[in-house]
Amino acid sequence: MSRDLALCDVRPTQLYLSSGKLTDVLAWFDFDDPAYGPLPVFEHESEWYLADGHTRAFAAYLAGEDHLPVERDPDVREKYDFEVYRACISWCREEGVETIADLQGRVVEPETFEAAWVERCQQVTDNEELAD
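None of these values were measured; they are calculated from a predicted model.

Procedures and definitions
- Residues numbered from 1 in each chain as written.
- Predicted model: local features only at pLDDT ≥ 70, side-chain atom pairs only at ≥ 80, totals over all residues.
- Heavy atoms only, no water.
- 1 Å grid on protein atoms, 1.4 Å probe; cavity = no way out; pocket = protein on both sides within 12 Å on 5 of 7 lines; lining within 4 Å.
- Points joined across faces, edges and corners; volume = space filled by probe spheres on them.
- Helix = DSSP H or I, 4+ residues; strand = E, 2+ residues; numbered from the N terminus.
- Nonpolar A, V, L, I, M, F, W, Y, C, P; charged D, E, K, R; others polar.
- Disulfide = S-S within 2.5 Å.
- Buried < 20%, exposed > 50% of the residue type's maximum accessible area, 1.4 Å probe, protein only.
- Phe/Tyr/Trp six-rings, centres within 6.5 Å; stacked < 30°, edge-to-face > 60°.
- Lys NZ or Arg CZ within 6 Å of the ring centre and 35° of its normal.
- Pairing = 2+ DSSP bridges.
- Core = buried A, V, L, I, M, F, W, Y, C linked by side-chain atoms within 4.5 Å.
- Contact = heavy atoms within 4.5 Å.

Student: Help me understand the layout of surface pockets, please; the structure alone is not making it clear to me.
Tutor: Sizing a probe to match a water molecule and rolling it over the atoms shows the empty space that remains. The space that makes up the largest pocket amounts to roughly 360 Å³. Lining the largest pocket are 17 residues, and of these Gln14, Ala51, Asp52, His54 and Tyr85 lie nearest its centre. Of all the secondary structure elements, the ones that give two or more residues to the lining of the largest pocket are β3 (17-18), α2 (54-62) and α4 (82-94). The element that contributes the greatest number of residues to the lining of the largest pocket is α4, accounting for three residues. For the lining of the largest pocket, the per-class residue count stands at seven nonpolar, six polar and four charged.

Student: I tried to follow the state of the cysteines on my own but got confused; where do I start?
Tutor: Such a bond, covalent and formed between the sulfur atoms of two cysteines, is termed a disulfide. Summed over all chains, the structure comprises zero disulfides. Of the cysteine sulfurs around Cys88, a residue in no disulfide, the closest is that of Cys121, at 3.7 Å. A residue is classified by how much of its surface remains accessible, and Cys88, at 4% relative accessible area, is buried. Given the relative accessible area of 13%, Cys121 is considered buried.

Student: Please explain the packing of aromatic side chains as it appears in this structure.
Tutor: To describe a pair of aromatic rings, one takes the distance between the centres and the angle between the planes. For the structure shown, the criterion picks out nine aromatic pairs. Between Phe58 and Tyr61, the ring centres sit 5.7 Å apart and the planes meet at 35 degrees, which makes this aromatic pair tilted. Separated by three residues within a single helix, Phe58 and Tyr61 lie in helix α2, roughly one turn from each other. Of the aromatic side chains, those joined through ring pairs into one cluster are Trp28, Phe29, Phe31 and Tyr36. The side chain of Arg120 reaches across the aromatic face of Trp91, ending 4.1 Å from its centre.

Student: It is not clear to me how the pairing of strand β5 (residues 47-50) should be interpreted in this structure. Could you clarify?
Tutor: Each regular strand shows side chains that alternate between the opposite faces of the sheet. As judged from the two bridges shared by strand β2 (residues 10-11) and β5, these two strands associate in the parallel manner. The residue of β5 that forms the bridge with Val10 is Trp48. Where strand β4 (residues 39-44) and β5 come together, four bridges link them in antiparallel fashion. Across the sheet, residue His44 finds its bridge partner in β5, namely Glu47. Following β4, the chain reverses through two residues before pairing antiparallel with β5; Glu45 in that reversal takes a positive phi of roughly 50 degrees.

Student: Please clarify how the nonpolar core should be interpreted in this entry.
Tutor: Nonpolar side chains tend toward joint burial in soluble globular proteins. Among the nonpolar cores identified, the biggest contains 33 residues, and Leu15, Leu50, Leu68, Trp91 and Trp117 are the most heavily contacted of them. For this core, the secondary structure elements donating two or more residues are α1 (19-28), β4, β5, α2, β6 (67-72), α4 and α5 (110-131). Ranked by residue count, the leading element in this core is α4, at five residues. Once residues within four sequence positions are removed from consideration, Leu50 is found in contact with Val10, Arg11, Thr13, Leu39, Pro40, Val41, Phe42, Ala57, Tyr85 and Ile100. By size, the runner-up hydrophobic cluster in this structure holds seven residues, among which are Phe42, Tyr49, Ala51 and Val76.

Rendered as structure tokens:
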């Protein structure tokens, strides 16, 4: 079941956005009438976090939207490595990325996104595998 949450109440779980993905989203995003499916969120420690859809959320922010259509992702803790999400939440807090608006100035080239973000997240998974 989808609902709207205030944009300022939805926390990001990544530090950067890929300029390539942002370009792709902006190609179809209608700033006059933003319409897109609900973004997947999960609740953690009484806060709502994006499981995915950061680029669409940022486009909504650029369009001046104050609410996001969201839908609880019931599988985020079972299907995905939640320890990676915990690490991402911690990194975002440490760097002051608490809202979607805080992603402004954090749009990087795809290669930088891969090296600075995707590989960083992969290291969490790799370290967990080594610990097992």
